Amino acid sequence: MSKIRVGLLFGGRSGEHEVSIRSAQAIATALRSDQNASKYELLPVYIGKDGVWQKGEIAQQVLASGEPLYLTDEKTTSTDLVPSPSLLPEATNFEEIDVWFPILHGPNGEDGTIQGLLTLMQVPFVGSGVLGSAIGMDKIAMKMIFSQAGLSQVKYKTVKRSQIWSNPCIFPKLCDELEAELGYPCFVKPANLGSSVGISKVRSRAELVTALDNAASYDRRIIIEAGVEARELECAVLGNDQPQASVVGEITYQSDFYDYETKYTEGKAAWFIPAQVSDNIANKIKEMAVQAFLALDAAGLARVDFFYVEKTGEVLINEINTLPGFTATSMYPQLWASSGISFSELVNQLIQLALERQPEVSPK
Ligand SMILES: Nc1ncnc2c1ncn2[C@@H]1O[C@H](COP(=O)(O)OP(=O)(O)OP(=O)(O)O)[C@@H](O)[C@H]1O
Ligand SMILES: C[C@@H](N)C(=O)O
Ligand SMILES: [Mg+2]
Ligand SMILES: [Mg+2]
């Protein structure tokens, strides 16, 4: 029997490019190990920070080294679009791949763009489709859907880049409103990013001004949330129309918040799986995680992040990540390992879920 050819798509035009390379390395190892090696053939495809797709030796080299490849001018790493008719040149022959495994984090990959391309190409792929990916990526749209689904969350306000950059008269008024409605500390976030890139915890007007300017450099949509003092709990979801929730895990750290450095520097954060919470809280989180997944019409996988305010007993949903970090030590695979599914079996199940999934809309 011939092997299933898996196109592992990684890198991407995103502030989470480096994280994607690390996730792809772990998935590549899983595809080459255990029973997966006899079932799947790995075809890595790397998307550089310039947006150009590379397969073959170049993609293998990035996977092996773990280092991004700079083929063109570094200024193309900015979020400005660089029109190019040849982003997918001879690099990708879609017919040579049976199923795609996009492990791109952040914009231009986790946000429905790649999912739209693959849908148009009529090829199966791991993870959510256009709708779930786009809503899951945009924290403003996500919160509106969560609210509609009756899921409790922190108070928030939204702002556009243009309100910050091109309207100096309105800006102080905007800050007054944010302070009055959300208070300090609050969190300023680009709406479409992950790994805490562009996020600031702010405690004063001066910090608020700097944080808004910083977030606006990443995204034209910005969200500002009231800060909560809470335990951070996460739950993994796996499946298509009947998704299952994993055990719940907890993250602890010494830093001010769970920022990029804390996330990706060994020893800076500690995880407890399963989290030491009552069955009641764990069950509530599992239920809310599945509800969030279904509300977005997510598919395949997602990790849902929560705040547990112990003194009031409140559970607040923070966000859903439709392509969560996937290194061997990432929370998503670890939650499943503790729930009885090994890393390599998890990769196998995700590919099978992609192959089983029906096309979103069928022509009559
Ligand atoms: N409203 C809030 N109150 C308290 N802490 C917060 C709040 N929002 C964010 N944080 C802190 O910032 C971290 C990152 O926030 P969030 O999960 O929204 O960002 P992200 O970039 O999408 O992260 P991920 O890597 O999980 O995709 C949280 O884990 C938490 O430590
Ligand atoms: C990759 C990062 N956005 C995560 O959710 O783990
Ligand atoms: Mg996120
Ligand atoms: Mg998060």
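This is a predicted model, so every value here is computed, not measured. (Residues numbered from 1 in each chain as written. Chains lettered and ligands numbered in written order. Predicted model: local features only at pLDDT ≥ 70, side-chain atom pairs only at ≥ 80, totals over all residues. Heavy atoms only, no water.)

K.L.:
Got a minute to help me understand the site of ligand 1 in this structure?
P.N.:
Taken together, 24 residues form the shell around ligand 1, and within it Lys 139, Lys 189, Ser 196, Glu 232 and Lys 263 come nearest. In the environment of ligand 1, an oxygen atom lies 2.7 Å from a nitrogen or oxygen atom belonging to the side chain of Lys 189. Contacts to ligand 1 include Glu 232, whose side-chain N or O atom sits 2.5 Å from an oxygen atom. Going through the elements one at a time, strand E6 (186-190), strand E8 (221-226), strand E12 (300-309) and strand E13 (314-321) are the ones with two or more residues in the shell around ligand 1. Across the shell around ligand 1, the residue classes break down as 10 nonpolar, 6 polar and 8 charged. (Near = heavy atom within 4 Å. Polar contact = N/O pair within 3.5 Å; in protein donor to acceptor, adjacent residues only side chain to side chain. Helix = DSSP H or I, 4+ residues; strand = E, 2+ residues; numbered from the N terminus. Nonpolar A, V, L, I, M, F, W, Y, C, P; charged D, E, K, R; others polar.)

K.L.:
Teacher, can you tell me more about helix H11 (residues 279-296) here?
P.N.:
Structural remark: α-helix, 3.6 residues per turn; residues separated by three or four positions point the same way. Over its 18 residues, H11 extends 26 Å from the first C-alpha to the last, a length consistent with the 26 Å expected when each residue adds 1.5 Å. Every buried residue belonging to H11 is among Ile 281, Ala 282, Ile 285, Met 288, Ala 289, Val 290, Ala 292, Phe 293 and Leu 296, and all of these are buried. (Expected span 1.5 Å × (residues − 1). Buried < 20%, exposed > 50% of the residue type's maximum accessible area, 1.4 Å probe, protein only.)

K.L.:
Is there a simple way to think about the pairing of strand E10 (residues 244-253) in this case?
P.N.:
Side chains on a regular strand alternate between the two faces of the sheet. Pairing of strand E9 (residues 231-239) with E10 involves 6 bridges; the strand directions are antiparallel. Looking at E10, one finds that Val 237 is bridged to Ala 245. The hairpin turn running from E9 into E10, its antiparallel successor, is 4 residues long. Strand direction decides the pairing type here: E10 and strand E11 (residues 269-272), joined by 4 bridges, are antiparallel. (Pairing = 2+ DSSP bridges.)

K.L.:
Whenever I open this one, the nonpolar core confuses me. Can you help?
P.N.:
Nonpolar side chains in soluble globular proteins generally cluster together in the buried interior. Counting residues in hydrophobic clusters, the biggest one holds 40 residues, and the most contacted among them are Phe 101, Phe 326, Val 347, Leu 350 and Ile 351. Elements represented by at least two residues in this core include exactly strand E1 (4-11), helix H1 (17-31), strand E2 (40-47), helix H3 (56-65), strand E4 (99-102), E9, helix H12 (331-338) and helix H13 (343-356). Beyond its immediate stretch of four places on either side in the chain, Phe 326 contacts Ser 23, Ala 26, Ile 27, Ile 103, His 105, Leu 301, Tyr 332, Pro 333, Phe 343, Leu 346, Val 347 and Leu 350. (Core = buried A, V, L, I, M, F, W, Y, C linked by side-chain atoms within 4.5 Å. Contact = heavy atoms within 4.5 Å.)

K.L.:
I tried to follow the UniProt feature "binding site: Mg(2+) 1" (unreviewed entry) in the protein on my own but got confused; where do I start?
P.N.:
The positions that UniProt labels "binding site: Mg(2+) 1" (unreviewed entry) are, in the present scheme, Asp 305 and Glu 319. Inspection of the secondary structure puts Asp 305 in strand E12. What Asp 305 contacts, discounting residues up to four positions off in sequence, is Leu 233, Glu 234, Ile 317, Asn 318, Glu 319 and Asn 321. Of the polar contacts made by the side chain of Asp 305, one reaches the side chain of Arg 303; its length is 2.9 Å. Looking at the secondary structure, you find Glu 319 in strand E13. (UniProt positions renumbered as here; feature names shortened; annotations may be inferred.)

K.L.:
I would appreciate a short explanation of unusual backbone geometry in the present structure.
P.N.:
Peptide bonds are, in most cases, trans, and in most cases residues other than glycine have a negative phi. Note the cis peptide between Tyr 184 and Pro 185, where omega equals -5°. Relative to the assigned elements, Pro 185 resides in the loop between helix H8 (171-182) and E6. Cis geometry is adopted by the peptide bond preceding Pro 274, which originates at Ile 273 and carries an omega value of -5°. One non-glycine residue, Asn 108, lies in the positive phi region at around 60°. Following the sequence through the fold, Asn 108 ends up in the loop between E4 and helix H4 (113-120). Look at Asn 108 and you get partly exposed, because its relative accessible area is 29%. The backbone of Ser 195 shows a phi angle near 60°, a positive value even though the residue is not glycine. Secondary-structure assignment places Ser 195 in the loop between E6 and strand E7 (200-202). Overall, the relative accessible area of 9% leaves Ser 195 in the buried class.

K.L.:
Got a minute to help me understand the coordination of the magnesium ion (ligand 4) in this structure?
P.N.:
Octahedral metals with six donors have ideal donor angles of 90 or 180 degrees. Tetrahedral metals with four donors have an ideal donor angle of 109.5 degrees. For the magnesium ion (ligand 4), every protein donor is listed as Asp 305 (OD) and Glu 319 (OE), and the spread of their distances is 2.0 to 2.2 Å. A separation of 4.0 Å is found between the magnesium ion (ligand 4) and the magnesium ion (ligand 3), both of which receive a donor from Glu 319. Placement of Asp 305 in strand E12 and of Glu 319 in strand E13 is noted, with a sequence separation of 14 residues between them. Exposure class is identical for Asp 305 and Glu 319. Each is buried. (Donors = N, O, S within 2.8 Å, 3.2 Å for Na, K, Ca; no water.)

K.L.:
Where do I start with the sheet that holds E13 in this structure?
P.N.:
As a general point, the strands of a sheet are linked pairwise by backbone hydrogen bonds and lie either parallel or antiparallel. With antiparallel pairing, the 5 strands of this open sheet are ordered in space as E11-E10-E9-E12-E13. Unpaired on one side and paired on the other, E11 and E13 mark the two borders of the sheet. Neighbour-to-neighbour, the strand axes of the sheet open up by a mean angle of 30°, direction not taken into account. Lying over the sheet, H12 contacts E9, E10, E11 and E12, oriented at roughly 120° with respect to E10. (Axes fitted to C-alpha atoms, helices over the stretch in contact; angles between N-to-C directions.)

K.L.:
What am I meant to see in the pairing of E6 here?
P.N.:
Of all 5 residues that make up E6, 5 are buried, and the element is covered over most of its length. Residues Cys 186, Val 188 and Pro 190 point to one face of E6 and Phe 187 and Lys 189 to the other, with burial holding for every one of them. As paired strands, E6 and E7 are joined by 3 bridges and run antiparallel to one another. Across the sheet, residue Val 188 finds its bridge partner in E7, namely Ser 200.

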